[in-house]
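For reference, the chains in residue letters:
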Amino acid sequence: MATESDTVTHAATTPGLTGRAFLVDLALVGSVPFVLCLVSLLPRVLRQSLVFDYAAPTVATAFVSAFVHLDSLHLLVNVGLYALVAPVGLALSVAAGRRHRFRVVFVTFVLAFPAVLSYLNLASPRSASALGFSGVVMAFAGYLPFALATYLERRFDVGPATQLAPALFLASLSLVAVLSVRSVFALVGHRATGLSLAALLGAGWYGLAVRERCPTLRADVWALVRTPGAAELVVVALVLVVTVPFVAFPATPVLGGATLNLYVHLLGYTLGFLVPFLTAMTTG
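Counting of residues starts from 1 at the beginning of each chain's written sequence and follows it residue by residue. Local features are withheld for residues below a pLDDT of 70 in this predicted model, meaning they are given only at 70 or higher, and side-chain atom pairs are given and counted only at 80 or more; totals for whole chains, interfaces and linings count all residues. Derived side-chain values reflect all non-hydrogen atoms in the structure, with water molecules and hydrogen atoms excluded from consideration.

A.B. asks: Hey, could you run me through the nonpolar core in this one?
C.D. replies: It is characteristic of soluble globular proteins that their nonpolar side chains tend to be buried jointly. The set of buried Ala, Val, Leu, Ile, Met, Phe, Trp, Tyr and Cys residues whose side-chain atoms join them within 4.5 Å is what this entry labels a nonpolar core. The rule is simple: take the accessible area with a 1.4 Å probe, protein chains only, and divide by the maximum for that residue type; under 20% is buried, over 50% is exposed, in between is partly exposed. Counting 71 residues, the largest nonpolar core has Tyr82, Leu92, Phe133, Phe140 and Tyr151 as the members making the most contacts within it. Secondary structure elements are taken from DSSP: a helix is a run of H or I of four residues or more, a strand is a run of E of two residues or more, and numbering for both begins at the N terminus. The element that contributes the greatest number of residues to this core is helix α6 (residues 134-156), accounting for 15 residues. Whether two residues are in contact is decided by their heavy atoms: any pair within 4.5 Å suffices. Beyond its immediate sequence surroundings of up to four residues, Leu92 is in contact with Leu144, Ala147, Leu148, Tyr151, Leu233 and Ala237.

A.B. asks: Can you walk me through the environment of Ala230 in this structure?
C.D. replies: Note on placement: Ala230 falls in helix α10 (residues 230-248). By relative accessible area, which is 1% here, Ala230 ends up buried. For Ala230 and Tyr151, which are 79 residues apart along the polypeptide, the C-alpha to C-alpha distance reads 9.7 Å. Once you skip the residues sitting within four places of it in the chain, Ala230 turns out to touch Tyr151, Phe156 and Leu224.

A.B. asks: Quick question: what am I supposed to make of α6 here?
C.D. replies: Since there are 3.6 residues in each turn of an α-helix, residues three or four apart along the chain are aligned in direction. Multiply 1.5 Å by the residue count of a helix minus one, and that product is the helix's expected span. A rise of 1.5 Å per residue sets the reference length of α6, with its 23 residues, at 33 Å; its end C-alpha atoms lie 33 Å apart and thus fit the reference within 8%. Largest kink in α6: about 30°, centred on Leu144, with the proline Pro145 one to four residues after it. With 22 of 23 residues buried, α6 lies mostly within the body of the structure. Where α6 terminates, the next one or two residues include Asp157, which has phi positive at roughly 60°. Bend, in this description, refers to the angle at a residue between axes fitted to the seven residues ending there and the seven starting there.

A.B. asks: Looking at this model, I keep getting lost on the packing of aromatic side chains. Mind explaining?
C.D. replies: Aromatic ring pairs are described here by two measures, namely the spacing of the ring centres and the angle between the planes. Ring pairs shown here join Phe, Tyr and Trp side chains whose ring centres sit within 6.5 Å, with only the six-membered ring taken for Trp; geometry is labelled stacked below 30 degrees between planes, edge-to-face above 60, and tilted in between. Taken as a whole and judged by the stated rule, the model has 17 aromatic pairs. On the numbers, 5.5 Å between centres and 85° between planes, the contact of Tyr82 with Phe140 is edge-to-face. Remark: Phe140 occurs in helix α6 and Tyr82 occurs in helix α4 (residues 72-95); sequence separation between them is 58 residues. Looking at Tyr82, the relative accessible area reads 1%, which means it is buried.

A.B. asks: Got a minute to help me understand the packing of α4 against α10 in this structure?
C.D. replies: A pair of packed helices can be characterised by two numbers: the angle between their axes and the separation between those axes. Viewed as axis vectors pointing N to C, α4 and α10 meet at an angle of 145°, and their least axial separation amounts to 11 Å. In the crossing of α4 with α10, the sense of the turn from one axis to the other is left-handed. Between α4, through Leu81, Leu84, Val85, Val88, Ala91 and Leu92, and α10, the contact on the second element is made entirely by Leu233, Val236, Ala237, Leu240, Val244 and Val247. Gly is placed with the polar residues, together with every amino acid not listed as nonpolar (Ala, Val, Leu, Ile, Met, Phe, Trp, Tyr, Cys and Pro) or charged (Asp, Glu, Lys and Arg). Taken together, the residues of the contact of α4 with α10 sort by class into twelve nonpolar, no polar and no charged. Whenever a helix is involved, its axis is fitted only over the stretch in contact; in every case the axis is a line through C-alpha atoms, and angles between N-to-C directions fall within 0 to 180 degrees. The crossing is said to be left-handed when, going from far helix to near helix, the turn is anticlockwise and less than a right angle, and right-handed when the turn is clockwise.

A.B. asks: Explain the confidence of the model for the chain here, please?
C.D. replies: Caution is warranted with low-pLDDT regions, since their predicted coordinates should not be read in detail. Confidence of the prediction at every residue is given by pLDDT, a number between 0 and 100. Summary statistics for the chain give a mean pLDDT of 82 and a share of 76% for residues scoring 70 or more. Here residues 1-14 scores under 50 on pLDDT; set against residues more than four positions off or in separate chains, the count is 29 contacts. Per-residue pLDDT stays below 50 along residues 184-189; that stretch engages in eight contacts with residues further than four places along the chain or on separate chains.

Below you can see the structure in the form of structure tokens.
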């Protein structure tokens, strides 16, 4: 997210959702489901050998295990969720003139996050193993609040994104904390409740800052509504920001006979927002 070569000056600017560059972006995004499905065709014994074992961790399995699924339901859920959040993040970034940022985010999430998330699992010593792409999928979900805030600021002057993005993220994080109370984290429910309240207060503080620093907010929102396709894109993004936590943090964290790793879901979601946001704040 170093240098931003694409620029958008006003709401009427061509969003860039067509052309050869966008086809390249779509091919890039589409490569992930292709690879995941390809890996699922490998013999089960081979796939089991690629799982990240906490008792015997290796660099190779730390990376490869994210692309391994042992049952079709697990694969279907991860591919389906990825097919929702990644294209929307791409559309928001391209329409906001941040195509390069999305490409850097994509490469970082797909190539660096699998190993990082695997080794962060070792922070809680236990006899278990990890596999699946859900942590990386949640990183793409965590990127949505920042991508949406950037789109709103650069296309419709709703912002600034430095205030709106944290407001959206903290609001969704408060929902994650509430959902975690009814899951495997129920034993530390009071901590999750405290996190939820703190996140809500933070979201409210940033929301007030947006209102104060955007005196033409009503007119800007009206311009958004009148722009063909813009309101629909924003609504889809907001729906995903709100609904993805319900999928990632279910009341019964069991899928296909295996326990969902909600810890890595939270890590992926948080890092997916913080890494691009803080990088953009420091590099301009």
